[in-house]
Amino acid sequence: MPFIGELITKPLPLRIERRKLFNIIPYKKKIIEWEVYEDFGYRDNELDITIIVPKGSTTDFASIPRVFWNILPPWYPTYGEPAVIHDYLYRNGLYNRRIADLIFLHAMRESNVVLWKQVTMFQAVRWFGKSAYKGENND
């Protein structure tokens, strides 16, 4: 398997952020994040790219709306590792968004995530991930 090292995380203290829905309706959002405890990586042989997520990086695993947690929990083992890689790529803008999303898809395939979940999660990041991406080429 093209993952490098073992993914070890520890939970960070719960944070509450004040946000506005549609820039109008105020609400509070619980931010649940984890810290990567040891360097962890992934080698995408199709794209000839190696990503190392350094110790101390943070992740929320898969950013799945709470209403869907029964069918797609954010920290599910088979897509947890690909989600950590994807979070790191989005938060650091190392590659354009399309490449980051392809790496996520390839990593899910390597992790034996069932096909319907691969397709659902890949489409979700393509359709809704633009606001979370921190890089410059946000396609």
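In this text, all values refer to a predicted model and were calculated from it rather than measured experimentally.

So, how was this worked out
- Residues numbered from 1 in each chain as written.
- Predicted model: local features only at pLDDT ≥ 70, side-chain atom pairs only at ≥ 80, totals over all residues.
- Heavy atoms only, no water.
- Pairing = 2+ DSSP bridges.
- Helix = DSSP H or I, 4+ residues; strand = E, 2+ residues; numbered from the N terminus.
- Contact = heavy atoms within 4.5 Å.
- Axes fitted to C-alpha atoms, helices over the stretch in contact; angles between N-to-C directions.

1. Examining the sheet that holds strand β1 (residues 3-4)
Pairing in this open sheet of three strands is antiparallel, and the strands run β1-β6-β7 from one edge to the other. Each edge of the sheet is formed by a strand with only one pairing partner; in this case those strands are β1 and β7 (49-53). Examined bridge by bridge, strand β6 (residues 40-44) and β7 share five bridges and lie antiparallel to one another. When the bridges of β7 are listed, Asp-44 appears paired with Ile-49. Docked against the sheet, helix α1 (residues 77-92) engages β1, β6 and β7, running at close to 90° with respect to β7. Contacting β1, β6 and β7, helix α2 (residues 97-110) crosses the sheet at an angle of about 95° to β6.

2. Description of the sheet that holds strand β8 (residues 58-59)
The three strands lie next to each other as β2-β5-β8, forming an open sheet whose pairing is antiparallel. Of all strands in the sheet, those with a lone pairing partner are β2 (9-11) and β8, marking the two edges. Judged from the two bridges that link them, strand β5 (residues 34-36) and β8 form a sheet pairing that is antiparallel. Paired with Trp-34 across the bridge in β8 is Thr-59.

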